[in-house]
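# Descriptive analysis of the structure
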Amino acid sequence: MYDIVVAGAGISGCIISYLLAKKGFKVCLIDVKRAEDVGDKVCGDALIGRGLDLLGFEPPSGAITNVASALRFYASGMAPITLKTRVFLLDRPRFGQYFLHKAVDNGSIFVDKCRAFAPILEGDKIIGIKARTDNSQVELFAKVTIDASGINCAIRRNLPKDWWVSKPIGRNNLALCYREIRKLKESKVNTEYCDVFYDGKVVPKGYYWIFPKRDDLVNVGLGARMTTINYDLKERLYKHILSNPVFNESEILASGFGMLPISPPLSCSTASGFIAIGDAAEQVNPFIGEGIRPSIISAYIAAETITKSKDFDQDHLWSYNVDFMKKLGIRHAMFAAFGSFFERLNYEEVKPLLSVYEGGAYKFDDFEDFNIGLLLTLKAFLKGFKQLKSIRREISIIKSVLSIYKDYPDSPKTFLEWMHKAEGFWKDYS
Ligand SMILES: Cc1cc2nc3c(=O)[nH]c(=O)nc-3n(C[C@H](O)[C@H](O)[C@H](O)COP(=O)(O)OP(=O)(O)OC[C@H]3O[C@@H](n4cnc5c(N)ncnc54)[C@H](O)[C@@H]3O)c2cc1C
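All figures in this text were calculated on a predicted structure; none of them were measured in a lab.

Summed over all chains, the structure comprises two cavities of 30 Å³ or more. Taken as a whole, the largest cavity spans an internal volume of roughly 40 Å³. Along its surface, the largest cavity is lined by Pro265, Leu266, Ser267, Ser269, Gln283, Tyr320, Asn321, Phe324 and Met325. For the lining of the largest cavity, a count of residues per class yields five nonpolar, four polar and no charged. Volume-wise, the second largest cavity comes out at about 30 Å³. Lining the second largest cavity are Trp164, Lys167, Leu266, Ser267, Cys268, Phe415, Met419 and Glu423. Of the residues that constitute the lining of the second largest cavity, the class distribution is five nonpolar, one polar and two charged. Of the domains in this structure, domain 1 (2–39 + 92–169 + 265–332) and domain 3 (334–429) are the two that each give at least three residues to the lining of the second largest cavity.

Next up, the structure:
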């Protein structure tokens, strides 16, 4: 019997295992991958630094290939909009291996090539997981089960359908991406900026990115809401992006497809004896697809909740939901509303709005906190943005999201009432 069993040794799973093992909990961490492949994942590899220092989290220097100073957003025919923030470009396999070793060095038991496939239930409580290794089936019992299995949600999605936490990720809330890591022939890229490009002709309802891992090494990819993709993503990347002379004679070091959730945050990520963290709890910023920092933050919040809890029933674990909502969930919900507004406008409609911001440099923190907005929107109207009515409607929608999510219940007792309100809102909105 363990104190904690963690399904999935991605970022969130390794970090929570490390944090809890360090506190003296008996932790078992499993992953379907081989130990040496842990950390290897199709990703943009860009970790936004905001708020991590407050947790005492410092990315390991040996797993950072570059530190950029801003994200730059391009829309066709416009000067870029710059959002200033520290962005760590990660060597993802090394980053993963570093935290796997931290988890093991602090006492976690790690089992590789082990696939979790079902929860073990006792009444309304989760008491462990069933998993398969190469040649056997195992049952791992624990006081708390953590689902950190990423988009797979291996445990959460196999819980009874009427449990709040088991709500599936809608197909419409998934993004599909294709990404390559390319070694360039010469040192050609500016390492200061992580560039994101909105170009409806290349990726309708999505974007492509070029992130500098070094001045001769880039992470380049594209992605969009899965339900809007009726073309070949890889072919688009080759035809429109990799045809740029910068990529001539470049070498492919890694390539692949990946998926991520782009939904409002899961309303409830806990049950008795259970917490979902990271992508398994849909904790990605749905507008920019940022999920590494949220995974780290959720691992820290979950570890703290468990450490402080006297018992591991729903009531005691509930503060994890509350704290994640306060820290990032409210913003993610606002971005979900903003993102679908943005997606609905065509480029000609959105151009006058973007032109107000074009060429400007802003703090990422102000963008994330929704502090860039009202006055500039008025300017957009004066510049010919014809959608004043729709933007006023959008502002009031974002305010409604804020007020709903600010009222996230402090205990499960009033959750159902809140959930009906939140779900009713998203139903009306979509
Ligand atoms: C193409 C792409 C680009 C991205 N770019 C960025 C970016 O630049 N910046 C950013 O912040 N975010 C980015 N993201 C999002 C980010 O990668 C994720 O949010 C983050 O990795 C989530 O971490 P996690 O620990 O929750 O899950 P993961 O890192 O996905 O880890 C899940 C782990 O669970 C294991 N697993 C799965 N199923 C089982 C099972 N049944 N049993 C046992 N183990 C299992 C997997 O093998 C894996 O090791 C990107 C995502 C994609 C797909």
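All right, on to unusual backbone geometry then. Even without glycine at this site, lysine 113 takes up a positive phi of about 50°. Along the chain, lysine 113 falls in the loop between β6 (109–111) and β7 (115–122). With a phi close to 60°, lysine 205 is a non-glycine residue in the positive phi region. As for its position among the elements, lysine 205 is in the loop between β11 (193–198) and β12 (206–214).

Looking at the ligand, there are 35 residues lining it, with Ser12, Asp31, Gly44, Ala46 and Asp279 nearest. Between the ligand and glycine 44 there is a distance of 2.7 Å, counted from a nitrogen atom to a backbone nitrogen or oxygen. Considering the ligand on its own, with 1,000 Å² of exposed area, one finds that the protein chains cover 93% of that surface. Elements supplying a minimum of two residues to the shell around the ligand: α1 (11–22), β7, β14 (251–261) and α5 (292–308).

If you check the domain split of the protein chain, you get domain 1 (2–39 + 92–169 + 265–332), domain 2 (173–261) and domain 3 (334–429). Computed over C-alpha atoms only, the centres of domain 1 and domain 3 are separated by 31 Å. Opposite the 21 residues of domain 1 that make contact, domain 3 presents 23 residues. At the junction of domain 1 and domain 3, the tally comes to three salt bridges. Across the salt bridge formed by glutamate 368 and arginine 331, the nearest N and O atoms sit 3.9 Å from each other. Applying the counting criterion to the domain 1 and domain 3 interface returns 10 residue pairs in polar contact (both at pLDDT 80 or more). Counting only elements with at least two residues in the side of domain 1 that touches domain 3, the list comes to α6 (314–317) and α7 (319–344). Here the side of domain 1 that touches domain 3 takes seven residues from α7, the largest share from any one element. Classifying every residue of the side of domain 1 that touches domain 3 by side-chain character gives 11 nonpolar, five polar and five charged.

In this section: α1. Three- or four-residue spacings in an α-helix give side chains the same orientation, since the helix completes a turn every 3.6 residues. Taking 1.5 Å per residue as the helical rise, α1 with its 12 residues ought to reach 16 Å, and the 17 Å between its terminal C-alpha atoms agrees with that figure. Of all 12 residues that make up α1, 11 are buried, and the element is covered over most of its length. For α1, every residue scored as buried is listed here: Ile11, Ser12, Gly13, Cys14, Ile15, Ile16, Ser17, Tyr18, Leu19, Leu20 and Ala21. Packed against the buried residues of α1 are β1 (2–7), β2 (27–30), α3 (92–105), β9 (137–147) and α5. Downstream of α1 by one or two residues, glycine 24 has phi in the positive range, about 100°.

Turning to the packing of aromatic side chains, a few remarks are in order. In total, this model carries 32 aromatic pairs according to the counting rule given. Measuring from ring centre to ring centre gives 4.9 Å for tyrosine 98 and phenylalanine 99, while their planes differ by 85°; the resulting arrangement is edge-to-face. Tyrosine 98 sits in the partly exposed class, given a relative accessible area of 34%. The exposure class of phenylalanine 99 is buried, given its relative accessible area of 5%. For the ring pair phenylalanine 197 and tyrosine 208, a centre distance of 4.6 Å and an interplane angle of 10° mean the geometry is stacked. In this pair, phenylalanine 197 sits in strand β11 while tyrosine 208 sits in strand β12, placing the two residues 11 residues apart along the sequence. You'll find phenylalanine 197 and tyrosine 208 in the same group, each marked buried. Each member of the aromatic cluster is reached from another via a ring pair, and the members are Phe73, Tyr198, Tyr207, Trp209, Phe211, Phe287, Phe335, Phe338, Phe364, Phe367 and Phe370. Looking at arginine 72, its charged tip hangs above the ring of tyrosine 193, at a distance of 3.8 Å from the centre.

Glancing now at the state of the cysteines. Under the definition given, this model contains zero disulfides. You can see cysteine 153 has no disulfide; the closest cysteine sulfur is in cysteine 268, sitting 14 Å from it. Assessed through its relative accessible area of 3%, cysteine 153 is described here as buried. Its sulfur unpaired, cysteine 194 is 11 Å from the next cysteine sulfur, which belongs to cysteine 43. Residue cysteine 194 is classed as buried on the basis of its relative accessible area of 0%.

This brings us to the side chain of serine 298. The topology assignment puts serine 298 in helix α5. Sequence-distant contacts of serine 298, that is, excluding residues within four places in its chain, are made with Ile277, Gly278, Gln283, Tyr320 and Phe324.

Reading the values: the criteria
Residues numbered from 1 in each chain as written. Predicted model: local features only at pLDDT ≥ 70, side-chain atom pairs only at ≥ 80, totals over all residues. Heavy atoms only, no water. 1 Å grid on protein atoms, 1.4 Å probe; cavity = no way out; pocket = protein on both sides within 12 Å on 5 of 7 lines; lining within 4 Å. Points joined across faces, edges and corners; volume = space filled by probe spheres on them. Nonpolar A, V, L, I, M, F, W, Y, C, P; charged D, E, K, R; others polar. Domains from an automatic or database assignment. Helix = DSSP H or I, 4+ residues; strand = E, 2+ residues; numbered from the N terminus. Near = heavy atom within 4 Å. Polar contact = N/O pair within 3.5 Å; in protein donor to acceptor, adjacent residues only side chain to side chain. Areas by Shrake-Rupley, 256 points an atom, 1.4 Å probe, with all protein chains shown as cover. Contact = heavy atoms within 4.5 Å. Salt bridge = Lys/Arg side-chain N within 4 Å of Asp/Glu carboxyl O. Expected span 1.5 Å × (residues − 1). Buried < 20%, exposed > 50% of the residue type's maximum accessible area, 1.4 Å probe, protein only. Phe/Tyr/Trp six-rings, centres within 6.5 Å; stacked < 30°, edge-to-face > 60°. Lys NZ or Arg CZ within 6 Å of the ring centre and 35° of its normal. Disulfide = S-S within 2.5 Å.

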